[in-house]
Amino acid sequence: MNDNSSRFGKYIQLRFHYTAVKGAKINEYLLEKSRVVHQDEGERNFHIFYYMFAGISAVDQEVYGLLDPKFYRYLNHKYGTDETIQQWNKKYHEVCNALDMVGFLEQEQVDMMTILAGILSLGNIIYEPQDNGILKVTDQSKGWLKAAAGQFGVEEEELLKCLICTMAVTRGESIQRYHSKQQAEDARDSIAKVAYGRVFGWIVSKINQLLAPKEDMDTVELREIGILDIFGFENFAVNRYEQMCINLANEQLQYFFNHHIFLMQQNEYKEEGIEWEAITFKDNKAILDLFLAKPLGVFSLLDEQTAFPRATDRAFVDKINSSFKGNPHFKVDRSHSPVFTVIHYAGKVQYNASGFLEKNRDTIPASIRGLFINSITPLLSVLFTATVSRTGTLMAQQRPRRSEDNFNSTRKQSVGAQFRHSLAVLMEKMFTANPHFIRCVKPNINKLPNQLDSNIFMDQLRYNGLLETIRIRKDGYSWRPFFEEFAERYGILLITPNISFTKESCLAILQSTGLKDWKSGKSRLFFKYWHQDQLAKCIERLENAAVIIQKSYKRFRCQSRYKILLAELQNQRQLELERQIEERRQIELEHELERKKQEMEWKNEKLVTPPVPLPRKKKPLPRPRSVAVDKFRNAVQPPVPRPRSKLVEATPFDNSRDHITSSWLQEQADKEQRINKKRATIRWFKDTQARKVLQNGIFPCWFHGMITRRESEDLLANQSLGCFLIRVSGSREGYTLTFRGVNRCRHYMIEMQTNGKYVILGEDKAHPSLPDLVEYYKTVGIQPFMEVLTTPCGQKCDNETDYEELRYFTVKTNPQESSSFEVVAAASTHDRVHNELSRLFVPPESQLAMQPQMPPVMKKIIDRKLQAAASGGTTAVNSENWIEDQHQGSKQTLPRLYPSIRLAMREIQQVLEQQPAFHSPNIGEEVVPELPPKQSKGSHRRPLLGSEHYNKK
C-alpha cells in the first residue's frame, strides 16, 4: 500500500523440541508511530484503519463511533476505490479470525477497535484562542472531542484539560500552564501516537503470552530458529528521524555481515595455518562510531539537545556540523533548512532534522497517564498501567511499585536510547547464532515487473558488499568440518570397519577420492563449495555398488532357498507315493486273508442249537413319594467337588473374600477414572456450554450426548452422504464432529480456544458457537477431503435422547422477556431434557458480580449521571445504565461508553448536516476539514444516524 513499507522491524523466534514447534516469540523494533498523525505525499496510514471502515458493518460502525473515512484528518481525507475496499474487507476478516485463532477475547478486540476509533476522532479536534488567551475547542469539533472521550472511556472535561494545559506541582501547590495552539496540537498528536504504540505493543505481548511454550517445557532443552525481518536501507526525497534509525540498523547489520563473512573467515584461515591472501572490503566501523560514539556521537548529541526544553532542531544541526566537520563520512550542508548529510556504506543520504527533537522525546502530557489509567475501558487502563522495558517493549503483566512512577522513569529514556539498546540486544543474539543471510535488491526504481536496470542492480551489489562476498566464496573455503565430523560422515569411503576419527583417517579418505584444492588445518579440513557435491557422488557410487551387491546376494539366497524347498517337495511327493503303494498292498493282502477264512468256515459249517434262556426275576413295586422329592430327584445335580489338597486349603485367595487381586484393582481404578472424567465433562458442559448450544431453548437436532464412536457410526450407517452429528467427548473438554464420508465415517475433533471460540483441529477458522460452525461448513468443505455437511442426524428415536444426563428438565422461553427462563415439569422424557438447562444459566446478579471492577473516576461519573437521571435532569439515553437496560441478554459485545459515543456521533452529524451543500463524499473527492457556519432553522435536514433506533427506544 505504500512506497515506504518499513513500519517496524521484527525478530521471530521459533522454539523446537526435536521436530515439533513448542512455542514462538516476537520482538518488535522501532514502530513508525509518526505515521499515525502524518503521512508523506502518496502514502497512507496504518492498514488497520482502512480495514476497519471496509470490514465493519454499518451497524457496528455506529457502535464504535465511525463515520465516513473521508472525514478524518489522520487519513488525509482519502479512502480508496471499490476494488481496494473489497480487498480491505477480506483482510479485515482475516485479521479478526487470526486474533480469534491466537486466543484474543471478544471484549479485548472490541476495546482495541474502540481505541483505534478514538485515535481517529482525536485527530479531528481543532483549537481556537479565546479572549483571555486560553484555548478552546471549536464549535465544529466539540462533537469529535465528546466522541474521543467516549471511545477512550474518560470524561470529556478531563480529556480537554489534558490537551490544553499542563499541571505542575511546586512545593505542594498545583500550577496550571496553558498551552499555545502549537503545543496543544503536539499534545493531541502525541496522545494519538502513544495510544497506538501501546496498543501495538500490547498485541505483540499478548501474542507472546499465548504462543509461549508450556510450563512443563521449562526443564526441556529447546532449540531455536530466529528470523530477523527488518527494514532495508532507505533513501527518499525527504529523509526524517525514522530513516536515520532504519539506516543505522542497516549499518549495524552490514557490520555484522562483514564481521561474519570476511573477518571471521580470514582470521580462521590464519589460525589454522592456511595460506591465504587477504581480501579487502569496505569496513563501516567508522560510520557506526559516527552515530553511536559517546559522548560525541549523533545520537548522544541528540539526547543532549533533547534534554534542553528550549533547544531547537536548528541548534542540533549546528552542533553536529561543528562536531563532525572534518569527518570523511559526514558532509555539512549550507541550507536554510536544518539538514545534514551522512555518507553511508550504501551512498549519501541527506536527513531533514525538522522534528528530530520532538520525535526523540516522544513526550505526552503527564496528566494523560492518570486519566487513561482510570478509564472505564479495561484495555486502555492496562496499557497505561503497564511498564515499558529499556528496549521500548510493553510488559503488561508486570506492575510498577507504588513508590515509583514507572511511567515518568521510562519517559526519561529517549526513543533513540531505546532503539540503540534494542539493537545491541539483537546483535548479541545474532553473534551467538549460526546466521544465514538473504539479501533483497530492487530490479528498478519504478517498481515495475519484468524490468531489470543493470546499473541500479550492480550499485546495490556493490553497496551491500555482495561482490566481495562472491569473491571470498569463490576463492575461500566455505565448508570447514572438523576431523571427527568428516571421518564419521565419510568413513564408509575407506571400506574399512571401525576406523578412528583422526586426521590420518581423513587424509586416507581424501586420497581414495582423488579430490583436489582442499586444505588441512590444525583441527579441521577446508573445502571449496563444490567439494561436497563430489563427495556426494562418491557416496552415490558406493550406494549403487551396495545395491548391486545386495541384489546379487538376495538373488543367490533366494535361488538356494528355492532349490532346497524344491528338493524337499520332491522328496515329500516320493514318500507320499511310496506310502500310498504300501497301503494298497496291505488292503489287498487283508482282502485275500478274509476270503480264505470265509472259505474255511463254509467247509467246516455244523448245526448248533441255541441256548435255553433263564427265567426272569420279578422287580419290586415302587414306593409312593411326594412331588417335591420327585422334582428334586429328577433335577440335574451338580457334581460333587473333589476334596482340596491341604497344600492349597490355607491360601488367602481361596479362603479370604476380602482379598482382591491387583488386576481387579486396576480395572476398578480405570473404571473410576473414566467415571470421573465423564462427570467432569458433564460439569464443564453444564457450566460453560449449554447456553451456547441451545437454540430457542432446545438443543438442535444435530447435537448428541456422550455417545461412543461406535454408536455414532451406527447412527450414520444407513444415512446419506454428508449426514453429520456433534457429540460431547467423554474423555476431554470438547466435542467431536462425526461425518458420513464417501467410503466411511470421519471423526473431527472440535477444540475450545482460550477465548471461547470453536475450531476444528487442523482448520484455520475460529467460530463463536457450534451453530455458527455447522452453518459455515455447510458451504465450505473440511480439509483435507473438502466434504461439506448436508443433513443433521437426529437422536436414537423420537421419544428417547442420547444425552441422558440432561433428561429430567426442560426450558420454556418467556415470550415477554427473551433473557428469562421458567422451569416446568414435563411428562415425556424428551420434554424433560430441556427443563434442567434452566439451572445452567447464570442469574443476572451473578453476571453483574463477575464484571470487572470499574475505576474510581468512572464510578463517580456514573453515580453523578445516575443521580442526574433520577432527578430528571437527563434522559435515560444519557444514563450509563442505558446499556444494561437495552442490551441485557444481547450477544453483541459493546464499548463501555456506548451511549456517549452515539450522542457524540449525533452531534457531529448535526454539525455536518447544517452545511449548505452537505453530502456524502464520493470516492476520490477531498473533504475540507474547516466547516462553514450553521444553517438557518428552516433549512432541510437529512435524517440522523440511527435516529429511528433512538425513537423506538
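For the structure, check the block above.
Residues numbered from 1 in each chain as written. Predicted model: local features only at pLDDT ≥ 70, side-chain atom pairs only at ≥ 80, totals over all residues. Heavy atoms only, no water.

Caption draft 1: Structural view of the overall build of the protein chain. Helix and strand counts for the protein chain come out as 33 helices and 21 strands. Restricting the contact set of the protein chain to residue pairs at least 6 apart, pairs at least 24 apart contribute 62%. Within the structure as shown, the protein chain displays about 57600 Å² of accessible surface, and the carbon and sulfur contribution to it stands at 52%. (Helix = DSSP H or I, 4+ residues; strand = E, 2+ residues; numbered from the N terminus. Contact = heavy atoms within 4.5 Å. Areas by Shrake-Rupley, 256 points an atom, 1.4 Å probe, with all protein chains shown as cover.)

Caption draft 2: Geometry of the packing of aromatic side chains. Scanning all chains against the criterion turns up 38 aromatic pairs. Both rings, one in phenylalanine 340 and one in phenylalanine 356, keep their centres 6.2 Å apart while their planes meet at 90 degrees; by these two values the pair is edge-to-face. Placement of phenylalanine 340 in strand β9 (residues 339-344) and of phenylalanine 356 in helix α12 (residues 356-361) is noted, with a sequence separation of 16 residues between them. The same class applies to phenylalanine 340 and to phenylalanine 356, which are both buried. Ring-pair connections join several aromatic residues into one group, and the members of that group are Tyr241, Phe316, Phe324, Phe330, Phe340, Tyr351 and Phe356. (Phe/Tyr/Trp six-rings, centres within 6.5 Å; stacked < 30°, edge-to-face > 60°. Buried < 20%, exposed > 50% of the residue type's maximum accessible area, 1.4 Å probe, protein only.)

Caption draft 3: Fine view of the side chain of glutamine 254. Its location among the elements puts glutamine 254 in helix α8 (residues 241-271). The class of glutamine 254 is buried, set by a relative accessible area of 4%.

Caption draft 4: Structural detail: helix α9 (residues 285-292). Regarding α9, the residues found buried are Ile287, Leu288, Leu290 and Phe291. Buried residues of α9 fall within an arc of 155 degrees about the axis and therefore sit on the same side. Those residues of α9 that are buried are in contact with α8, α10 (298-306), β8 (330-331) and β9. (Arc of directions from axis to C-beta.)

Caption draft 5: Seen up close, the sheet that holds β8. The antiparallel open sheet is built from three strands, whose spatial order is β8-β9-β10. Each edge of the sheet is formed by a strand with only one pairing partner; in this case those strands are β8 and β10 (347-352). Looking at chain direction, β8 and β9 are connected through two bridges and run antiparallel. Each bridged residue has a counterpart across the sheet, and for phenylalanine 330 the counterpart in β9 is valine 342. Against the sheet, helix α11 (residues 313-323) touches β8 and β9, its axis set at about 45 degrees to β9. (Pairing = 2+ DSSP bridges. Axes fitted to C-alpha atoms, helices over the stretch in contact; angles between N-to-C directions.)

Caption draft 6: Seen up close, the packing of helix α1 (residues 47-55) against helix α4 (residues 106-123). One way to put it is that α1 packs onto α4 with a least axis distance of 11 Å and a crossing angle of 105 degrees. The orientation of α1 relative to α4 falls into the category roughly perpendicular. Where α1 approaches α4, its residues Ile48, Phe49, Met52 and Phe53 are matched on the opposing element by Met113, Leu116, Ala117, Ile119 and Leu120. Within the contact of α1 with α4, the residues separate by chemical class into nine nonpolar, no polar and no charged. (Parallel < 35°, antiparallel > 145°, perpendicular 65-115°, else oblique. Nonpolar A, V, L, I, M, F, W, Y, C, P; charged D, E, K, R; others polar.)

Caption draft 7: Structural detail: the sheet that holds strand β2 (residues 20-29). Strand order in the open sheet formed by three strands is β2-β1-β7, with antiparallel pairing between adjacent strands. One side of each edge strand has no neighbouring strand; the edge strands of this open sheet are β2 and β7 (223-229). For this sheet the average axis-to-axis angle between neighbouring strands, irrespective of direction, equals 15 degrees.

Caption draft 8: Spotlight on α1. Across the nine residues that make up α1, a large majority, eight, are buried. Along α1, the residues that are buried comprise Ile48, Phe49, Tyr50, Tyr51, Met52, Phe53, Ala54 and Gly55. Here the buried face of α1 lies against α2 (58-64), α3 (82-102), α4 and α7 (181-210).

Caption draft 9: Spatial organisation of the nonpolar core. Phe49, Ile119, Phe152, Leu159, Leu163, Tyr196 and Phe372 are the most contacted members of the largest nonpolar core, which has 78 residues in total. It is α7 that contributes the most residues to this core, 11 residues altogether. Residue contacts for leucine 163: discarding those within four places in its chain leaves Leu122, Ile125, Tyr127, Leu145, His179, Ala184, Ala187, Arg188 and Ile191. Core analysis: the second largest hydrophobic core is formed by 40 residues, Tyr11, Leu30, Phe231 and Val342 among them. (Core = buried A, V, L, I, M, F, W, Y, C linked by side-chain atoms within 4.5 Å.)

Caption draft 10: Representation of the packing of α4 against helix α5 (residues 142-152) within the structure. Remark: α4 packs on α5, axes separated minimally by 8 Å, with the N-to-C direction vectors making an angle of 160 degrees. When the axes of α4 and α5 are compared, the pair comes out roughly antiparallel. Crossing handedness for the pair α4 and α5: left-handed. Packed against α4, whose contacting residues are Thr114, Ile115, Ala117, Gly118, Ile119, Ser121 and Leu122, the element α5 presents Trp144, Ala147, Ala148, Gln151 and Phe152 at the interface. Of the residues that constitute the contact of α4 with α5, the class distribution is eight nonpolar, four polar and no charged. (Left-handed = near helix turned anticlockwise from the far one by under 90°.)

Caption draft 11: Examining the pairing of strand β16 (residues 724-728) more closely. For β16, the buried fraction is high: five of the five residues fall into the buried class. Side chains of β16 alternate between two faces, with Phe724, Ile726 and Val728 and Leu725 and Arg727 buried alike. One ladder, built from two bridges, connects strand β15 (residues 703-704) with β16; its direction is parallel. When the sheet's bridge partners are listed, histidine 704 is paired in β16 with arginine 727.

Caption draft 12: Region of interest: the pattern of salt bridges. Counted according to the given criterion, the structure contains 26 salt bridges. Glutamate 43 serves as the salt-bridge partner of arginine 35, at 2.9 Å between the closest nitrogen and oxygen. Considered together, arginine 35 and glutamate 43 belong to a single accessibility category, that of buried residues. Salt-bridge contacts for aspartate 189 lead to arginine 73; the nearest nitrogen and oxygen are separated by 3.4 Å. Of this pair, aspartate 189 sits in helix α7 while arginine 73 sits in the loop between α2 and α3, and the two are 116 residues apart along the sequence. For aspartate 189, a relative accessible area of 17% corresponds to the buried category. You can call arginine 73 partly exposed: its relative accessible area is 28%. Connected through salt bridges with shared partners, the residues Glu32, Arg35 and Glu43 form a single ionic network. (Salt bridge = Lys/Arg side-chain N within 4 Å of Asp/Glu carboxyl O.)

This is a description of form; function is not addressed.
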